[in-house]
Amino acid sequence: MCAFTVLFLCYYCWFSGFWFLYFNRVLTFTLISEIRMNFVRRMSCSISGFVKKDLVVPPEGKVYSLEKSIKFAQIAQENFKKYEVSDRINLIIGDASKSLEHLCQEGHSGTFDFSYIDADKTNYPTYFNLSLQLLRQGGVLAVDNTLFKGKVFDLDNRVGQQIDNANKTFISSGAVDVLLLNIGDGYTLMRKR
């Protein structure tokens, strides 16, 4: 088992787990650093989201990055090589639900320290439940776009209602402490009980 394990589920990301709005990226990486302060090396990021030399997880840690797009996965792999972090990133290409189920079946349940979700909004509840299985007790789960441009209040907006249902799933699960931040497009932080 790795000393520190992170899961990024970010579809269609240039860096498959490293392309955030500036604030969300800083917040996310700060959280990762705080989870295991003793094991984390200093991170060096430019404003555009590039990860340089140091990855936020330690050399003995591991990042699992899920990507649906082959095109973006190839770009991500090139960047991982460029910044010399390929040895710590396991890029999984394909359907996220199946990939998460496979990680659970491989014995990774309860071993992840952090999970970040920013993918197709319809499947947020599924990704939440599977990520929850992978997280250790006290692990942190972050979900982006949880206010979806304010459309969660629009009963006629299909995606907004899907996000609203996901938010209700998070709260009603009883398995996590939930904090929904009203920043950007909405950013929800959860700690597994």
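Below is a short write-up of the structure. (Residues numbered from 1 in each chain as written. Predicted model: local features only at pLDDT ≥ 70, side-chain atom pairs only at ≥ 80, totals over all residues. Heavy atoms only, no water.)

**Thoughts on the pairing of strand E7 (residues 187-192)**
1) Next: Within E7, five of the six residues are buried, which leaves it mostly tucked inside the rest of the structure.
2) Next: Two elements, strand E5 (residues 135-144) and E7, share five bridges in a ladder whose sense is antiparallel. Counted as the bridge partner of Val140 is Arg191 from E7.
3) Next: Sheet topology places strand E6 (residues 176-181) next to E7; six bridges connect them, and they run antiparallel. Looking across to E7, one finds that Asp177 is bridged to Arg191. (Buried < 20%, exposed > 50% of the residue type's maximum accessible area, 1.4 Å probe, protein only. Helix = DSSP H or I, 4+ residues; strand = E, 2+ residues; numbered from the N terminus. Pairing = 2+ DSSP bridges.)

**Comments concerning the pattern of salt bridges**
1) Next: Tallied over the full model, the rule gives five salt bridges.
2) Next: Arg191 is the salt-bridge partner of Asp177, the closest N and O atoms lying 2.5 Å from each other. Of this pair, Asp177 sits in strand E6 while Arg191 sits in strand E7, and the two are 14 residues apart along the sequence.
3) Next: The exposure class assigned to Asp177 is partly exposed, which follows from its relative accessible area of 29%.
4) Next: One salt-bridge network, held together by shared partners, links Asp177, Arg191 and Arg193. (Salt bridge = Lys/Arg side-chain N within 4 Å of Asp/Glu carboxyl O.)

**Focus on the packing of helix H3 (residues 96-108) against helix H4 (residues 124-134)**
1) Next: Across the interface, H3 lies against H4 with an axial gap of 10 Å and an inter-helix angle of 15 degrees. Classed by the angle they form, the pair H3 and H4 counts as roughly parallel. As H3 runs across H4, the sense of the crossing is left-handed. Residues Ala96, Ser97, Leu100, Glu101, Leu103, Cys104 and His108 of H3 form the contact with H4, whose participating residues are Thr126, Tyr127, Leu130, Ser131, Gln133 and Leu134.
2) Next: When its residues are assigned to classes, the contact of H3 with H4 shows seven nonpolar, five polar and one charged. (Axes fitted to C-alpha atoms, helices over the stretch in contact; angles between N-to-C directions. Parallel < 35°, antiparallel > 145°, perpendicular 65-115°, else oblique. Left-handed = near helix turned anticlockwise from the far one by under 90°. Contact = heavy atoms within 4.5 Å. Nonpolar A, V, L, I, M, F, W, Y, C, P; charged D, E, K, R; others polar.)

**Notes on the packing of H4 against helix H5 (residues 158-172)**
1) Next: Where H4 contacts H5, the axes come no closer than 9 Å and their chain directions differ by 25 degrees. Here H5 runs roughly parallel to H4, going by the angle between their axes. Residues Tyr124, Pro125 and Phe128 of H4 form the contact with H5, whose participating residues are Ile163, Ala166, Thr169 and Phe170.
2) Next: In terms of residue class, the contact of H4 with H5 is made up of six nonpolar, one polar and no charged.

**With respect to unusual backbone geometry**
1) Next: At Asn145, a position not held by glycine, the phi torsion is positive, near 65 degrees.
2) Next: Looking at where Asn145 falls in the secondary structure, it is placed in the loop between E5 and H5.
3) Next: Classification of Asn145 as buried rests on a relative accessible area of 12%.
4) Next: Of note in the backbone geometry, Lys149 takes a positive phi value of approximately 60 degrees without being a glycine.
5) Next: On the basis of relative accessibility, which here comes to 63%, the residue Lys149 falls in the exposed class.

**Quick look at the side chain of Glu67**
1) Next: Within the element layout of this structure, Glu67 appears in strand E2 (residues 62-67).
2) Next: Lacking a salt bridge, the buried Glu67 has Lys68 as its closest oppositely charged neighbour, with an N-O distance of 8.7 Å.
3) Next: A polar side-chain atom of Glu67 sits 2.9 Å from the main-chain amide nitrogen of Ser69. (Lys, Arg positive; Asp, Glu negative; His and termini not counted. Polar contact = N/O pair within 3.5 Å; in protein donor to acceptor, adjacent residues only side chain to side chain.)

**What to know about the nonpolar core**
1) Next: Ranked by size, the top nonpolar core spans 27 residues in total, and within it Tyr124, Tyr127, Phe128, Leu141, Val143 and Met190 carry the most contacts.
2) Next: At the level of elements, E2, H3, strand E4 (112-118), H4, E5 and H5 are the ones that each hand at least two residues to this core.
3) Next: Counting residues per element, this core draws most heavily on H4, at six residues.
4) Next: Setting aside residues up to four positions removed in sequence, Tyr124 forms contacts with Ile117, Asp118, Ala119, Val143, Asp144, Asn145, Ile163, Ala166 and Phe170. (Core = buried A, V, L, I, M, F, W, Y, C linked by side-chain atoms within 4.5 Å.)

**A closer look at the packing of aromatic side chains**
1) Next: In the structure shown here, the tally under the stated rule is three aromatic pairs.
2) Next: Here Lys149 stacks its cationic end above the ring of Phe148, 5.3 Å away from the centre of that ring. (Phe/Tyr/Trp six-rings, centres within 6.5 Å; stacked < 30°, edge-to-face > 60°. Lys NZ or Arg CZ within 6 Å of the ring centre and 35° of its normal.)

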